[in-house]
Amino acid sequence: MIEKIPGVSGINGINDIARTQKSNQTSSKNLNFADILRNALDDVNKTQKISEQMSADYAAGKIDNIHNVIISAEKASLSLKLTTEVTNKIVSAYKEIMNMQI
């Protein structure tokens, strides 16, 4: 049997994460696939808009920290690449299903 190490407590926040995941699972049961995709695309769009706004603010001199602008641009780029890859996989799976013989 595994014994607890004295003086070491658990990782803070694990219980909060578990509760959040349970609440997300119950709320996601009401969503269908189209809603999930729509929400994901909306998130990608928001990320792109935030990146564009930060770039414009930096060019206008409203933001001094270039690191935040670059991080925002990379997040937008990665989210767009991920969305493209997921879309390609969905189309590929659809084509494969359509080519199956019954």
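Predicted model only: the values in this text are computed from it and were never measured.

Novice: Where do I start with the pattern of salt bridges in this structure?
Specialist: Oppositely charged side chains can pair when the atoms bearing their charge come close. Counted by the stated rule, this structure contains 1 salt bridge. For the salt bridge of R38 with D35, the shortest nitrogen-to-oxygen distance reads 2.8 Å. Note that R38 and D35 are positioned in helix α2 (residues 33-60) at a spacing of 3 residues, about one turn of the helix. The class of R38 is partly exposed, set by a relative accessible area of 46%. Under the relative-accessibility criterion, D35 is labelled partly exposed at 24%.

Novice: For this particular structure, what's the right way to read the packing of α2 against helix α3 (residues 66-98)?
Specialist: The axes of two packed helices give the description: the angle between them and the distance between them. One way to put it is that α2 packs onto α3 with a least axis distance of 9 Å and a crossing angle of 150°. Between α2 and α3, the interaxial angle falls into the category roughly antiparallel. For α2 against α3, the interelement crossing comes out left-handed. From α2, F33, L37, L41, V44, T47, Q48, I50, S51, M54, S55 and Y58 reach across to α3, where they touch I66, N68, V69, S72, A73, K75, A76, S77, S79, L80, T83 and I90. Of the residues contributing to the contact of α2 with α3, the split by class is 13 nonpolar, 9 polar and 1 charged.

Novice: Would you explain a nonpolar patch on the surface in this entry?
Specialist: Among the surface-exposed residues, F33, L37, L82, V86 and I90 lie close enough to one another that they form a single nonpolar patch of about 440 Å² accessible area. Those elements giving two or more residues to the nonpolar patch turn out to be α2 and α3. Per-element tally for the nonpolar patch: the top contributor is α3, with 3 residues. By relative accessible area, which is 40% here, V86 ends up partly exposed.

Novice: Looking at this structure, I do not really get the environment of A40. What am I missing?
Specialist: Inspection of the secondary structure puts A40 in helix α2. Taking relative accessible area as the criterion, A40 reaches 37% and is therefore assigned partly exposed. Separated by 43 residues in the primary sequence, A40 and T83 have C-alpha atoms spaced 8.3 Å apart.

Calculation rules
Residues numbered from 1 in each chain as written. Predicted model: local features only at pLDDT ≥ 70, side-chain atom pairs only at ≥ 80, totals over all residues. Heavy atoms only, no water. Salt bridge = Lys/Arg side-chain N within 4 Å of Asp/Glu carboxyl O. Helix = DSSP H or I, 4+ residues; strand = E, 2+ residues; numbered from the N terminus. Buried < 20%, exposed > 50% of the residue type's maximum accessible area, 1.4 Å probe, protein only. Axes fitted to C-alpha atoms, helices over the stretch in contact; angles between N-to-C directions. Parallel < 35°, antiparallel > 145°, perpendicular 65-115°, else oblique. Left-handed = near helix turned anticlockwise from the far one by under 90°. Contact = heavy atoms within 4.5 Å. Nonpolar A, V, L, I, M, F, W, Y, C, P; charged D, E, K, R; others polar. Patch = residues over 30% accessible without salt bridge, like charges linked within 9 Å, V, L, I, M, F, W, Y side chains within 5 Å. Areas by Shrake-Rupley, 256 points an atom, 1.4 Å probe, with all protein chains shown as cover.

By themselves, these figures tell us nothing about what the structure is for.
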